[in-house]
Amino acid sequence: MARLRSDFWVSAYLRRCSVEGLDAALRKRGAAEAGAIFVKVDHLDGTASLYGPAPQVFLDDSGERLFAPILQGVMPLDVEERMTRELRFDPDLWLVEVDDRQGRHLLDLAPGD
């Protein structure tokens with residue numbers, strides 16, 4: 001099964017966050033068809049977490065996007081520095097930011113994460 005385009009996935013994700021009562025915003029628009037998607041979760045307590053695409057080993061034929069935690073409970077500046085490095089490597093990536101005190105993100109995580 002073909003994977004959903006990045007722009008459609010991000011649009012649906014932002015809508016889902018809104019329906020679930022999460023504040024979410026698109027911080028960086030990437031390549032429409034296949035840009036990697038990263039999600040920063042600001043815990044609103046001085047910490048943040050970052051999720052990115054799961055390693056290819058976890059992908060299956062369902063076409064679902066799976067995510068893996070990259071940074072957990074770190075200073076927001078640490079997430080920003082990591083994203084600066086990611087952008088140097090892949091300028092076509094997407095970045096979505098979610099603000100939630102409970103750390104909810106509504107992402108499908110790869111097994112073991």
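Now for a description of the structure that goes with this document. Fair warning: this is a prediction, and the values are worked out from it, not measured in the lab. (Residues numbered from 1 in each chain as written. Predicted model: local features only at pLDDT ≥ 70, side-chain atom pairs only at ≥ 80, totals over all residues. Heavy atoms only, no water.)

Now for the nonpolar core. If you look at the biggest cluster of nonpolar residues, it comprises 14 residues, and the most contacted ones within it are Trp 9, Tyr 13, Ile 37, Val 39, Val 98 and Leu 107. Looking at this core, the elements with two or more residues in it are helix 1 (6-19), strand 2 (37-42) and strand 5 (94-99). It is helix 1 that provides the largest number of residues to this core, a total of 4 residues. Discounting chain neighbours no more than four positions away, the residues touching Trp 9 are Leu 4, Ile 37, Arg 65, Phe 67 and Leu 107. Grouped together as the second largest cluster of nonpolar side chains are 10 residues, Ala 36, Phe 38, Val 79 and Met 83 included. (Core = buried A, V, L, I, M, F, W, Y, C linked by side-chain atoms within 4.5 Å. Buried < 20%, exposed > 50% of the residue type's maximum accessible area, 1.4 Å probe, protein only. Helix = DSSP H or I, 4+ residues; strand = E, 2+ residues; numbered from the N terminus. Contact = heavy atoms within 4.5 Å.)

With that out of the way, let us pick up the sheet that holds strand 2. Through backbone hydrogen bonds, the strands of a sheet pair up, either in parallel or in antiparallel fashion. Spatially, the 5 strands line up as an open sheet ordered 1-5-2-3-4, and their pairing is mixed. Each end of this open sheet is capped by a strand with a single partner; those strands are strand 1 (23-28) and strand 4 (67-74). In this sheet, neighbouring strand axes are inclined to one another by 20 degrees on average, regardless of whether the strands run parallel or antiparallel. Across the sheet, helix 1 touches strand 1, strand 2, strand 4 and strand 5, and the angle it forms with strand 5 is around 5 degrees. Packing against the sheet, helix 2 (residues 76-89) makes contact with strand 1, strand 2, strand 3 (48-53), strand 4 and strand 5, and its axis sits at approximately 140 degrees to strand 4. (Pairing = 2+ DSSP bridges. Axes fitted to C-alpha atoms, helices over the stretch in contact; angles between N-to-C directions.)

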